[in-house]
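Commentary on secondary and tertiary structure
If you want the building blocks of each chain, they are given just below.
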Amino acid sequence: MKKTTIILFTTLLLISCNSKTPQETQKSVLNLNNSWSIEQSQNTESNSSWSVETNSSSWETQELVQKVEWLDIDLVKFNEIYKQALYNSGQAKDEAKSQINNCVELWWNIISKYRWYEVVWFEKSTDLDKTLIEIWINLLTASDFSTGWKMEIAHSELEKVRMTIMKIRQENNIKSISDDMLIVHNKMEEIVENWATKDDNKIQELKTDIQKLKEYNTDKDEYKKMLSDFENAVNSLKDLSGNDYNTKLKELKPLFIKMYMKFG
C-alpha cells in the first residue's frame, strides 16, 4: 500500500470521527445478557436501533445506546499474532510482512465490531473510536514499510501499537500481563541503553516492576521458572561493573523475550 493511500485513509477516517453532529454520534442502546455474543448482536440491521420509543406529543424517535462487550478478549487474540509480527520485524525476518498484514486485517475487524458502540469496561476511553483508527493507521504504515523492506521503521510503528493499547487499558483500570510486561521491557531497555552509567535506582525500579509479574500464571511452573531466571539475572547486576555489568545486561533481553513470546 502506497503512503499516499495511507494518508488518504487517515484523512477520511479521522474526518468521519470528528465531523458528525451530536445526534449522529449518539451511541445506540442495547443491554446484552451473558448468553449473547457480539456476533449475534450485530447480525441484523435492526439491532443498531432497538426498541424505538415514540413521544406522543412530538413523535421524536429516541435512539437507545448499544453496548457491546469482549473487546478485552479480542485484544488478547490480536496480541497473539501481533507479538509474532513485532518480534520478527525486529529480527528483520521475511515472515513479518504477512504477519503485519494479518494484524491490519484483524484490527479492521476490531474497528468494525466496536466503533460507534459503548464498549463495556472501556467507558472511560472517551476517544476510543478515534484511537482504534489511529492504531490501524500505525499498522498500515508498518505494513507499507515492511513491503519496502524497511523493517526497522516498521518495527517502530508496531511498538506504538502496544503502547497505545496499554494506555487504553490503563485509563480503564484494566490489568493485563502484556501491559505489565511492557513496563518491565521499557525499564530494561532504558537500563541497557544507558549501560555506561549504572543507575542503581533504575535497577531497583525494575525489580519492583518484576514483582507485579508474579501475580500472573501462579499455577504454571514454566512461567514461574522463566520469571525466576529473569529476576535472578537482574539481581546479579548489583555487584557488577564495567564490562562484566555490560555482559550480564546482554543476557536480560533474550530471557525476557522468551518469556514474553510464551506468556506476554
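Above: the structure in question.
Cut-off values and rules
Residues numbered from 1 in each chain as written. Predicted model: local features only at pLDDT ≥ 70, side-chain atom pairs only at ≥ 80, totals over all residues. Heavy atoms only, no water. Helix = DSSP H or I, 4+ residues; strand = E, 2+ residues; numbered from the N terminus. Contact = heavy atoms within 4.5 Å. Areas by Shrake-Rupley, 256 points an atom, 1.4 Å probe, with all protein chains shown as cover. Axes fitted to C-alpha atoms, helices over the stretch in contact; angles between N-to-C directions. Parallel < 35°, antiparallel > 145°, perpendicular 65-115°, else oblique. Left-handed = near helix turned anticlockwise from the far one by under 90°. Buried < 20%, exposed > 50% of the residue type's maximum accessible area, 1.4 Å probe, protein only. Phe/Tyr/Trp six-rings, centres within 6.5 Å; stacked < 30°, edge-to-face > 60°. Expected span 1.5 Å × (residues − 1). Salt bridge = Lys/Arg side-chain N within 4 Å of Asp/Glu carboxyl O. Nonpolar A, V, L, I, M, F, W, Y, C, P; charged D, E, K, R; others polar. Core = buried A, V, L, I, M, F, W, Y, C linked by side-chain atoms within 4.5 Å.

Considering the overall build of the protein chain
Check the secondary structure of the protein chain and you find 11 helices and five strands. Relative to all contacts within the protein chain whose residues are 6 or more apart in sequence, the contacts with residues 24 or more apart total 70%. Of the roughly 14,900 Å² of accessible surface on the protein chain, 50% is carried by carbon and sulfur atoms.

A word on the packing of helix α8 (residues 177-193) against helix α9 (residues 200-213)
Helix packing for two helices is described by the angle between their axes and how far apart those axes are. Where α8 contacts α9, the two axes come as close as 9 Å, and the packing angle between them is 165 degrees. With respect to their mutual orientation, α8 and α9 come out roughly antiparallel. Read as a crossing pair, α8 and α9 show a hand that is left-handed. From α8, Ile177, Asp180, Met181, Ile183, Val184, Lys187, Met188, Glu190 and Ile191 reach across to α9, where they touch Lys202, Ile203, Glu205, Leu206, Asp209, Ile210, Lys212 and Leu213.

Details of the side chain of Glu157
By the element assignment, Glu157 lies in helix α7 (residues 151-171). In this structure Glu157 comes out as buried when scored by relative accessible area, which is 10%. Residues in contact with Glu157, not counting those within four places in the same chain, are Asn138, Thr141 and Ala142.

What to know about the packing of aromatic side chains
Here the structure, examined in full by the defined rule, presents six aromatic pairs. Where Phe78 meets Trp107, the ring centres are 4.9 Å apart and the plane angle is 65 degrees; that geometry is what we call edge-to-face. Pair noted here: Phe78 is in helix α4 (residues 71-90) and Trp107 is in helix α5 (residues 95-114), with a separation of 29 residues, a long-range link. Of the two residues examined, Phe78 and Trp107, each falls in the buried class. Residues Phe230 and Phe256 carry aromatic rings whose centres are separated by 5.7 Å and whose planes lie at 55 degrees to one another, so their mutual orientation is tilted. Here Phe230 is found in helix α10 (residues 221-235), whereas its partner Phe256 is found in helix α11 (residues 242-263), with 26 residues between them in sequence.

What to know about α5
For α5, built from 20 residues, the straight-helix expectation of 28 Å at 1.5 Å per residue is met to within 8% by its first-to-last C-alpha distance of 29 Å. Where α5 ends, the next residue or the one after it, Trp116, has phi of about 80 degrees, a positive value.

Some thoughts on the pattern of salt bridges
Enumeration according to the criterion identifies 20 salt bridges in this entry. In this structure, Lys97 and Asp94 form a salt bridge, with 3.6 Å as the shortest nitrogen-oxygen distance. Looking at Asp94, the relative accessible area reads 48%, which means it is partly exposed. Each of Lys187, Glu190, Lys202, Glu205, Asp209 and Lys212 takes part in salt bridges that share partners, so that together they form one network.

What to know about the packing of α4 against α5
Between α4 and α5, the least distance of the axes is 8 Å, while the angle of their chain directions is 160 degrees. The orientation of α4 relative to α5 falls into the category roughly antiparallel. Classified by chirality, the crossing of α5 by α4 is left-handed. Of the residues in α5, those in contact with Leu71, Asp74, Leu75, Phe78, Ile81, Tyr82, Gln84, Ala85, Asn88 and Ser89 of α4 are Glu95, Ala96, Gln99, Ile100, Asn102, Cys103, Leu106, Trp107, Ile110, Lys113 and Tyr114. A breakdown of the residues in the contact of α4 with α5 according to their chemical character gives 13 nonpolar, five polar and three charged.

With respect to unusual backbone geometry
For Trp70, which is not a glycine, the phi torsion comes out positive at approximately 75 degrees. Examined against the element boundaries, Trp70 turns out to sit in the loop between β4 (65-68) and α4. Given a relative accessible area of 22%, Trp70 falls into the partly exposed group. Phi is positive for Asn217, close to 50 degrees, though the residue is something other than glycine. Note that Asn217 resides in the loop between α9 and α10.

Structural notes on the nonpolar core
Across soluble globular proteins, nonpolar side chains show a tendency to be buried alongside one another. Counting residues in each nonpolar core, the largest one holds 57 residues, and the members touching the most others are Phe78, Trp107, Leu139, Met181, Tyr223, Phe230 and Met259. Contributions of two or more residues to this core are made by α4, α5, α6 (128-147), α7, α8, α9, α10 and α11. Counting residues per element, this core draws most heavily on α6, which supplies 10 residues. With residues near it in sequence (within four places) discarded, Trp107 still touches Leu75, Phe78, Leu132, Ile135, Trp136, Leu139 and Ile165.

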